[in-house]
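Structural description and commentary
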Amino acid sequence: MSRKLTLSDIADLREYERERADFRAHVIDLKRRRRVGLGPFVTVLFENRDTIRFQIQEMARVEKLFTDEAIEGELRIYNPLVPEPGELALTLFIELTSELALRDWLPRLVGIERTLELRIGEGDDRIVVACIPDEEHQEQLTREEITASVHYIHFELDADQIEAFAAGPVELALTHDNYEHATTLGEGTVAELLADLRP
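The text that follows walks through the structure, step by step, so that each part is easy to find. Since the structure is predicted, the reported quantities are computational estimates derived from the model, not experimental observations. (Residues numbered from 1 in each chain as written. Predicted model: local features only at pLDDT ≥ 70, side-chain atom pairs only at ≥ 80, totals over all residues. Heavy atoms only, no water.)

This next bit is on the pairing of strand β7 (residues 150-156). Burial runs high along β7: five of the seven residues are buried. Examined bridge by bridge, strand β6 (residues 132-133) and β7 share two bridges and lie antiparallel to one another. Its bridge partner lying in β7, Ile132 is registered against His154. (Buried < 20%, exposed > 50% of the residue type's maximum accessible area, 1.4 Å probe, protein only. Helix = DSSP H or I, 4+ residues; strand = E, 2+ residues; numbered from the N terminus. Pairing = 2+ DSSP bridges.)

Encoded structure:
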């Protein structure tokens, strides 16, 4: 059964207001385990059904989206980031706060969305899984001379790779010429991501 969100999963605005405080607290706690820093200013958030539902609910709340057609538009945009078994889906953020830093770094980081990898295990048995950038998003936002500050990225793992992921250790790495950084995933993050990977 697909994990993708449907129209019936998205509460109308009055109903959402009643659950919002509890749901927001749940998602903040979830994101704490699913957010990984890479170097000084890149962060990735591993998305799941709840983080994406929160995104859509908050968008509908802020933009006063009342109609089914408007919500279906948001579902089309964000549902690709709900991972099915065997997949991980994430949003990569280049978190630069000044105009000067953005002008300096975004041209230097062109192609960063193609340089993310998972390193599973250690030594000669280590498995490297390359990322798969979201093609539609990439076409819209990436230019040859400058990159976007947000990218949508996927990983696909087979059954053996998932079991190796469970055994660990697991490292997330960027191998861009101008930005090479790696982080070992903590136990809480690995447990969260195994829930995404396993049926």
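Let us look at the nonpolar core. Core analysis: the largest hydrophobic core is formed by 35 residues, its most contacted members being Leu116, Leu118, Phe155, Phe165 and Leu172. In this structure Leu116 touches Leu38, Leu90, Leu92, Val129, Ala130, Cys131, Ile153, Phe155, Leu172, Ala173 and Leu174, once residues within four positions along its chain are discounted. (Core = buried A, V, L, I, M, F, W, Y, C linked by side-chain atoms within 4.5 Å. Contact = heavy atoms within 4.5 Å.)

Attention now moves to the packing of helix α2 (residues 49-63) against helix α3 (residues 68-78). Remark: α2 packs on α3, axes separated minimally by 10 Å, with the N-to-C direction vectors making an angle of 145°. When you trace α2 past α3, the crossing you get is right-handed. Each of Ile52, Gln55, Ile56, Met59 and Ala60 in α2 lies in contact with α3, whose residues at this interface are Ile71, Glu74, Leu75 and Tyr78. Residue classes in the contact of α2 with α3 are distributed as seven nonpolar, one polar and one charged. (Axes fitted to C-alpha atoms, helices over the stretch in contact; angles between N-to-C directions. Left-handed = near helix turned anticlockwise from the far one by under 90°. Nonpolar A, V, L, I, M, F, W, Y, C, P; charged D, E, K, R; others polar.)

What follows deals with the pattern of salt bridges. Inspection of the entire model under this criterion finds 14 salt bridges. The partner of Arg34 in a salt bridge is Asp196, with the nearest N and O atoms 2.3 Å apart. Highlighted residues: Arg34 in helix α1 (residues 13-34) and Asp196 in helix α7 (residues 187-197), separated in sequence by 162 residues. In terms of burial, Arg34 and Asp196 fall into one category: buried. The salt bridge partner of Glu113 is Arg114, with a shortest N-O separation of 3.2 Å. Within this structure, Asp29, Arg32, Arg33, Arg34, Glu192 and Asp196 form a network of salt bridges that share partners. (Salt bridge = Lys/Arg side-chain N within 4 Å of Asp/Glu carboxyl O.)

These figures capture arrangement, not role.
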